[in-house]
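Next come the chains, spelled out residue by residue.
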Amino acid sequence: MLHCNRCKMDIIGNKTVCPLCEGPLTGEPSEDVYPYIPKTISKATIIRVSGFIFLAVLIAMWSVRAITGNFYSWMPLVVLSALIAFLDICATIYTRTNPLKMSVCQIYLGMIACLIVDALTGRHGWSINWVLPFGFIGTMFLVLSLGLGLHMIFMDFVLYMLLDCVLSFLQLIFLKTGYTKIKITPIISIGSCLLFFLGILIFRWRDFRSASERYFNI
């Protein structure tokens, strides 16, 4: 056991100096009473650091424009990439215990990013004509594949499929406003998602009702 001659006290554990007077210790160290717990970075710290970096990117782009007096075409893409990275980090941190939720969030963030990039690069329509239709169909199959592959209870992932089916109807807005140049792909996407979910309602109605009662109390 360690001993401090100045404080006349015995010190338990492995210390280099006296915790009271910071004087030298004599004797042999002993095992610590409490185990050492290494410090870990909290979720809030990661979010704060990521948010600070995103704000730094915004200020940097504003500074470049203020100094040069020019608005460069790559600036929106840099800001968009920083925003997507920040949202991606948030989604990964808060949904990492749920791979299904994380995967769905990643797909939706990618679809939103494609819409923004397409709008900033001249509105060629590739995001509306191809990315969204196949994104919704792909999400439906991904949810089903992950749910079955991870041996999840059906009621735990059926609502993700309902959400994907509902969101696919947003493509009707682009059809009505004329932004969609190729109408067959969104029509196939909406019809496929709707038919897929109707099949679930017909063949697995009890599971869907159980999920609704569980999450919505209906």
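Residues numbered from 1 in each chain as written. Predicted model: local features only at pLDDT ≥ 70, side-chain atom pairs only at ≥ 80, totals over all residues. Heavy atoms only, no water.

1. Structural notes on the overall build of the protein chain
Turning to step 1, where the next piece is worked out: In terms of regular secondary structure, the protein chain is built from 8 helices and 3 strands.
Turning to step 2, where the next piece is worked out: Helices and strands in the protein chain line up, N terminus first, as β-β-β-α-α-α-α-α-α-α-α.
Turning to step 3, where the next piece is worked out: With 218 residues in all, the protein chain has 29% of them scored as buried.
Turning to step 4, where the next piece is worked out: For the protein chain, restricting intrachain contacts to residue pairs at least 6 apart in sequence, the fraction spanning at least 24 positions comes to 54%. (Helix = DSSP H or I, 4+ residues; strand = E, 2+ residues; numbered from the N terminus. Buried < 20%, exposed > 50% of the residue type's maximum accessible area, 1.4 Å probe, protein only. Contact = heavy atoms within 4.5 Å.)

2. A few points about a nonpolar patch on the surface
Turning to step 1, where the next piece is worked out: Taken together, the side chains of Trp 126, Trp 130, Phe 134, Ile 182, Ile 184 and Ile 188 make up a nonpolar region of the molecular surface, amounting to roughly 580 Å² of accessible area.
Turning to step 2, where the next piece is worked out: Elements supplying a minimum of two residues to the nonpolar patch: helix 4 (126–149) and helix 7 (184–203).
Turning to step 3, where the next piece is worked out: Positionally, Ile 184 belongs in helix 7.
Turning to step 4, where the next piece is worked out: Taking the relative accessible area as the measure of exposure, Ile 184 reaches 53% and is therefore exposed. (Patch = residues over 30% accessible without salt bridge, like charges linked within 9 Å, V, L, I, M, F, W, Y side chains within 5 Å. Areas by Shrake-Rupley, 256 points an atom, 1.4 Å probe, with all protein chains shown as cover. Salt bridge = Lys/Arg side-chain N within 4 Å of Asp/Glu carboxyl O.)

3. A short note on the nonpolar core
Proteins that are soluble and globular tend to have nonpolar side chains buried together.
Turning to step 1, where the next piece is worked out: Val 143, Phe 157 and Met 161 are the most contacted members of the largest nonpolar core, which has 20 residues in total.
Turning to step 2, where the next piece is worked out: For this core, the secondary-structure elements that each account for two or more residues are helix 3 (99–120), helix 4, helix 5 (154–168) and helix 7.
Turning to step 3, where the next piece is worked out: For this core, the element with the most residues is helix 5, which contributes 7 residues.
Turning to step 4, where the next piece is worked out: Setting aside residues up to four positions removed in sequence, Met 161 forms contacts with Met 140, Val 143, Leu 144, Phe 196, Phe 197 and Ile 200.
Turning to step 5, where the next piece is worked out: Counting 9 residues, the second-largest nonpolar core is a separate cluster that includes Val 57, Met 61, Ala 82 and Phe 86. (Core = buried A, V, L, I, M, F, W, Y, C linked by side-chain atoms within 4.5 Å.)

4. Here's the deal with the packing of aromatic side chains
Turning to step 1, where the next piece is worked out: A complete count under the given rule lists 3 aromatic pairs for this structure.
Turning to step 2, where the next piece is worked out: Between the aromatic rings of Phe 54 and Phe 86, the centroid separation amounts to 6.2 Å while the plane-to-plane angle is 15°, which identifies the pairing as stacked. Within this pair, whereas Phe 54 is found in helix 1 (residues 43–68), its partner Phe 86 is found in helix 2 (residues 75–95), the two being separated by 32 residues in sequence. As far as the burial class goes, Phe 54 and Phe 86 line up, both buried.
Turning to step 3, where the next piece is worked out: With a centroid separation of 5.4 Å and an interplanar angle of 70°, the aromatic rings of Phe 141 and Phe 196 are classed as edge-to-face. One end of the pair, Phe 141, is in helix 4; the other, Phe 196, is in helix 7, with 55 residues separating them in the sequence. (Phe/Tyr/Trp six-rings, centres within 6.5 Å; stacked < 30°, edge-to-face > 60°.)

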